[in-house]
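Observations on the three-dimensional arrangement
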Amino acid sequence: MNKAELISALAESTQFTKKDSEVFLKAFLDTVVGTQEKGDKVQLVGFGTFEVRDRKERVGRNPRTKEEIQIPASKVPVFKPGKEFKSTVNVKPEPEKKKAAPKKKK
């Protein structure tokens, strides 16, 4: 699902116009990004947590030249799904019952 499809789905499920849904989505994303820029996290119980983690400086390797390079420390945005979200996604489908093969006539 891309952004346009998400906006359409939001509009359909909330009875808002597509324009209102687009404004809402932009405001939501701006709020999450702004909060993470400050170093804070956004926690939506049941859905998940958006947070920023520090990544330490490390040694990497250029795959073309095999030369070692120093990768500087950085901050990375992370999404950690909540328990309800995980359990919804991980629902295992019931195994299909095998149909008995038709008996051959002699």
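The structure this text deals with has already been given above.
Notes on the structure in this doc start here. (Residues numbered from 1 in each chain as written. Predicted model: local features only at pLDDT ≥ 70, side-chain atom pairs only at ≥ 80, totals over all residues. Heavy atoms only, no water.)

**Some remarks on the overall build of the protein**
Scanning the protein from terminus to terminus reveals 3 helices and 5 strands. Traced from its N-terminal end to its C-terminal end, the protein shows the element sequence α-α-β-β-β-β-β-α. Across the protein, every contact between residues at least 6 apart in sequence was considered, and the portion connecting residues at least 24 apart equals 29%. As presented, the protein carries roughly 10000 Å² of accessible surface, and 56% of it is formed by carbon and sulfur atoms. (Helix = DSSP H or I, 4+ residues; strand = E, 2+ residues; numbered from the N terminus. Contact = heavy atoms within 4.5 Å. Areas by Shrake-Rupley, 256 points an atom, 1.4 Å probe, with all protein chains shown as cover.)

**Considerations on the sheet that holds strand 1 (residues 42-44)**
Sheet strands associate in pairs through backbone hydrogen bonding, adopting either a parallel or an antiparallel arrangement. A sheet is described by the order of its strands in space; here 3 strands give the open sequence 1-2-5, paired in antiparallel fashion. On the outer flanks of this sheet lie strand 1 and strand 5 (74-81), each paired with one strand and no other. The average undirected angle you get between the axes of adjacent strands in this sheet is 30°. Here strand 2 (residues 48-55) runs beside strand 5; their pairing, made up of 8 bridges, is antiparallel. Looking across to strand 5, one finds that Asp54 is bridged to Lys75. In the packing of helix 2 (residues 18-37) onto the sheet, the strands contacted are strand 1, strand 2 and strand 5, and the crossing angle to strand 2 comes to about 35°. (Pairing = 2+ DSSP bridges. Axes fitted to C-alpha atoms, helices over the stretch in contact; angles between N-to-C directions.)

**Details of the side chain of Thr35**
As for its placement among the helices and strands, Thr35 is situated in helix 2. Judged by its relative accessible area of 17%, Thr35 is buried. Apart from the residues within four sequence positions on either side, Thr35 is in contact with Asp40, Lys41 and Val42. (Buried < 20%, exposed > 50% of the residue type's maximum accessible area, 1.4 Å probe, protein only.)

**Digging into the pairing of strand 2**
The sheet contact formed by strand 1 and strand 2 spans 3 bridges and is antiparallel. Across the sheet, residue Val42 finds its bridge partner in strand 2, namely Phe50. In sequence, strand 1 turns back onto strand 2 through a hairpin of 3 residues, with Gly46 there showing a positive phi of about 90°.

**So, the pattern of salt bridges**
Counting across every chain of the model gives 4 salt bridges. One salt bridge in this structure joins Arg61 and Glu68, with 3.3 Å as the shortest N-O distance. Assigned by exposure class, Arg61 and Glu68 land together as exposed. (Salt bridge = Lys/Arg side-chain N within 4 Å of Asp/Glu carboxyl O.)

**Re the packing of aromatic side chains**
Scanning all chains against the criterion turns up 5 aromatic pairs. Arranged with centres 5.3 Å apart and planes meeting at 50°, the rings of Phe47 and Phe79 form a pair that is tilted. One end of the pair, Phe47, is in the loop between strand 1 and strand 2; the other, Phe79, is in strand 5, and 32 residues separate them in sequence. Here Phe50 and Phe79 contribute two aromatic rings whose centre-to-centre distance is 4.8 Å and whose plane-to-plane angle is 50°, an arrangement assigned as tilted. Of this pair, Phe50 sits in strand 2 while Phe79 sits in strand 5, and the two are 29 residues apart along the sequence. (Phe/Tyr/Trp six-rings, centres within 6.5 Å; stacked < 30°, edge-to-face > 60°.)

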